[in-house]
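# Understanding the architecture of this molecule
Below, each chain spelled out in residue letters.
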Amino acid sequence: MKNIISASRRTDIPAFYSEWFIRRLIEGFVHVKNPFSGRVYHISLKSQDLHSIVFWSKDFSPLVKRLPEVERVTKNLFFHFTITGVPKDLEQNTPTPESAIEDFLYLAERYSPANLVWRFDPIVLTGKIPFDHYLEEFARYAGMLKGAARECYISFAEPYKKVVRNFKKTGHTLIEVPGEVKKEYAERLASIAEGYGIKVYACCNDFLLSERVGKASCINGEKLSRLFGDFDGDTRPNPTRKGCAC
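Read on for a plain summary of the structure. (Residues numbered from 1 in each chain as written. Predicted model: local features only at pLDDT ≥ 70, side-chain atom pairs only at ≥ 80, totals over all residues. Heavy atoms only, no water.)

## Here's the deal with unusual backbone geometry
In this chain, A7 is followed by S8 through a cis amide linkage whose omega measures -5 degrees. Mapped onto the elements, S8 comes out in the loop between β1 (3-7) and α1 (13-16). Note that the residue after D121, namely P122, is joined by a cis bond; omega there is -5 degrees. Tracing the sequence through the fold places P122 in strand β6 (residues 116-123). The phi angle at C204 is positive, at roughly 60 degrees, despite the residue not being glycine. Looking at where C204 falls in the secondary structure, it is placed in the loop between β8 (199-202) and β9 (213-215). C204 sits in the buried class, given a relative accessible area of 15%. (Helix = DSSP H or I, 4+ residues; strand = E, 2+ residues; numbered from the N terminus. Buried < 20%, exposed > 50% of the residue type's maximum accessible area, 1.4 Å probe, protein only.)

The structure is reproduced here in structure tokens:
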């Protein structure tokens, strides 16, 4: 059975660890530690053992330069590309939206729009950042991504203790918004997206689901099979948290 490699939800490998990842591909394996049990798994990265690689990042520019090296092992690549309207005082180490969109367009042309998901998440509402800010930015990005993006995954930031604590350091206060209001917001985003040929999906936010807003599945064996050929493993959902359809 071949592997689908997720690289990675735990950290931004394309942005910060591309060099390390290329070395692992050259060596043909990686060791992965289960964060709960502590067990270490030996995972083959040899071409004959790979079905596909799913990348996640807010900045693909370091990896874009190394794509020929990745393709020596496999060309079956899928990209979750996060481009949001979060201000720089909250995210200081991300590229400008214009620069990120340039890389998105390049990847869509090099592979296909079906190989990418635009992630506009999480939507962070604070006393300084109202929803209208995101509405304006979303419309701008959707226009720039027309034809290159077909799917957009959204979610709203959860007020976890760690999140609230980190926000206090930035001078922002996370605002609690009722679920029905968030759903209204999601509908407004979906309406804009439709005008640019983009379908909106909710990631782990099932209360947002509607005729316009579908349920996201970030690692989807059936979708990857359609793109890269049949995946002979178990494609049933194996959720990592509540509402997850991976």
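## Focus on the packing of helix α6 (residues 131-144) against helix α8 (residues 179-194)
Helix-helix packing is characterised by the crossing angle of the two axes and by the distance between the axes. Interaxial distance between α6 and α8 falls to 10 Å at its minimum, and their mutual angle equals 15 degrees. By the criterion of interaxial angle, the relationship of α6 to α8 is roughly parallel. Of the two elements, α6 crosses α8, and the hand of that crossing is right-handed. Residues F131, D132, L135, F138 and A139 of α6 form the contact with α8, whose own contacting residues are Y185, R188, L189, I192 and A193. (Axes fitted to C-alpha atoms, helices over the stretch in contact; angles between N-to-C directions. Parallel < 35°, antiparallel > 145°, perpendicular 65-115°, else oblique. Left-handed = near helix turned anticlockwise from the far one by under 90°. Contact = heavy atoms within 4.5 Å.)

## Regarding empty space enclosed by the protein
This model, assessed by the stated rule, comprises one cavity of 30 Å³ or more. Estimates place the volume of the largest cavity at around 80 Å³. The wall of the largest cavity is formed by ten residues, among which A157, L174, I175, E176 and K182 lie closest to the centre. (1 Å grid on protein atoms, 1.4 Å probe; cavity = no way out; pocket = protein on both sides within 12 Å on 5 of 7 lines; lining within 4 Å. Points joined across faces, edges and corners; volume = space filled by probe spheres on them.)

## Some words on the pairing of strand β2 (residues 29-33)
Note that β2 and strand β3 (residues 40-44) share five bridges and pair antiparallel. Bridge pairing in β3 links V32 to Y41. Where β2 hands over to β3, the hairpin turn is made up of six residues, of which G38 adopts a positive phi near 85 degrees. (Pairing = 2+ DSSP bridges.)

## Looking at the packing of aromatic side chains
All told, the structure shown has 15 aromatic pairs when counted by the stated rule. Centroid distance F156 to Y185: 6.5 Å. Interplanar angle 35 degrees. Geometry classified as tilted. One end of the pair, F156, is in strand β7 (residues 151-156); the other, Y185, is in helix α8, with 29 residues separating them in the sequence. With relative accessibility at 3%, the residue F156 sits in the buried group. (Phe/Tyr/Trp six-rings, centres within 6.5 Å; stacked < 30°, edge-to-face > 60°.)

## Here's the deal with the environment of A193
Note that A193 resides in helix α8. Each C-alpha atom, one on A193 and one on A139, is 7.5 Å from the other, the two residues being 54 residues apart in sequence. With residues near it in sequence (within four places) discarded, A193 still touches F138, I198 and V200.

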